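Descriptive analysis of the structure
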Amino acid sequence: MTTPMKIDFVSDISCPWCAIGLHALERALDEVAGEISAELHFQPFELNPQMPAEGQDIDEHIAQKYGSTPEQMAQSREMIRRRGEEVGFVFGQRNRIYNTFDAHRLLHWAEQEGHQRELEHALFEAYFTRGENPGDHGVLLTAAEAVGLDRSRAAAILVSNEYGQEVRERERFYLDAGIHSVPSVIINDRHLIQGGQPAQVFAQALRQIAAGL
């Protein structure tokens, strides 16, 4: 008999550790598949909500935001690349960081259509693997269509403000709950695991939580 769990994965498309964390979590869920069944929901978080549509050079942005030196940025990129490789995710070359609000609006709709997880994966690959702009409507429409969503409906959402209020409300909910970094994995609305943890850490935590239910 498997233990059912609700998992909220709070993340941003522009966060490399979210891509790593998702793939690690999925490996953990595969490992505990006979013991635990998970209902996975993706919740919005914007690392850079004021980012303009044209984006910003990524090295410039990281230097301004974190005070990182070129050497530190190079070391960080290599660590991220290696961690991605460990969980089967390819980090390519990306030069800019972009606004992700429209991506979150589309993900909100995709949840209703039953394709949210597939779209999250598609957007991570578009940005981190191919270096595409996840705020560009053409990129978003291609990703939506690729995972089985209706392109014309997606286009109608993107040219409107549809789901904007809902996304803002969800973002505020998690900020008010004390979530200020991502990924944040919330299990059964009670247990928090933060960061792009290795698969074994997720698996151990899931088993411990299941044992306490």
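Let us look at the structure shown here. Residues take numbers from 1 onward in each chain, read along the sequence in its written order. Selection of residues for local features in this predicted model requires a pLDDT of at least 70, selection of side-chain atom pairs for listing and counting requires 80 or more, and totals for whole chains, interfaces and linings are taken over all residues. Where side-chain values are given, they derive from all heavy atoms of the structure, hydrogens and water being excluded.

**Describing the packing of helix H4 (residues 101-113) against helix H8 (residues 164-176)**
- Note on method: axes are straight lines fitted to C-alpha atoms, helices fitted across the in-contact stretch only, with angles between N-to-C directions ranging 0 to 180 degrees. Helix and strand definitions here come from DSSP, where helices need a minimum of 4 consecutive H or I residues and strands a minimum of 2 consecutive E residues; each element is numbered from the N-terminal end. In the contact formed by H4 and H8, the axes pass within 9 Å of each other and the chain directions differ by 95°. It follows that H4 is roughly perpendicular to H8 by the angle criterion. Of H8, the residues touching H4 (which contributes Phe101, His104, Arg105, His108 and Glu111) are Gly164, Glu166, Val167, Arg168, Arg170 and Glu171.
- For this scheme, ten residues count as nonpolar: Ala, Val, Leu, Ile, Met, Phe, Trp, Tyr, Cys and Pro. Four count as charged, namely Asp, Glu, Lys and Arg, and the remainder, Gly too, count as polar. For the contact of H4 with H8, the per-class residue count stands at two nonpolar, three polar and six charged. Our angle categories are set so that under 35 degrees counts as roughly parallel, over 145 as roughly antiparallel, 65 to 115 as roughly perpendicular, and the remainder as oblique. By the convention used here, residues are in contact when the closest approach between their heavy atoms is within 4.5 Å.

**Re the packing of aromatic side chains**
- Two rings belonging to Phe, Tyr or Trp (six-membered ring only in the last case) form a pair when the distance between their centres is within 6.5 Å. Interplanar angles under 30 degrees mark stacking, angles over 60 mark edge-to-face geometry, and anything in between is tilted. The full count for this structure, using the stated rule, is seven aromatic pairs.
- Between phenylalanine 9 and phenylalanine 42 the ring centres are 5.7 Å apart and the planes differ by 65°, which places this aromatic pair in the edge-to-face class. Taken as a pair, phenylalanine 9 in strand S1 (residues 3-11) and phenylalanine 42 in strand S2 (residues 36-44) lie far apart in primary sequence, 33 residues in all.
- Partly exposed residues are those whose accessible area sits between 20% and 50% of the maximum for their type, while under 20% is buried and over 50% is exposed, using a 1.4 Å probe and protein chains only. Overall, the relative accessible area of 0% leaves phenylalanine 9 in the buried class.
- Among the aromatic residues, ring-to-ring pairing joins Phe89, Phe91, Tyr98, Phe124, Tyr127 and Phe128 into one connected group.
- In this analysis the charged atom, NZ for Lys or CZ for Arg, is taken to sit over a ring once it is within 6 Å of the ring centre and within 35 degrees of the ring normal. Directly above the aromatic system of phenylalanine 101 lies the positively charged group of arginine 168, at a separation of 3.8 Å from the ring centroid.

**Looking at the sheet that holds S1**
- Pairing between two strands is assigned when DSSP locates at least 2 bridges connecting them. Taking strand neighbours across the sheet as the criterion, the four strands line up as S2-S1-S5-S6 in an open arrangement whose pairing is mixed. The open sheet terminates on both sides in strands that have one partner only, identified here as S2 and strand S6 (191-194). Averaged over all adjacent pairs, the angle separating strand axes in this sheet is 25°, with direction ignored.
- Pairing between strand S5 (residues 184-187) and S6: four bridges, direction antiparallel. Considered in S6, the bridge of valine 185 is made with isoleucine 193.
- Most of the contacts of helix H1 (residues 16-31) go to S1, to which it runs at about 170°, and overall it touches S1, S2 and S5.
- Its contacts with the sheet put helix H9 (residues 199-211) on S1, S2, S5 and S6, and the angle it makes with S1 is roughly 135°.

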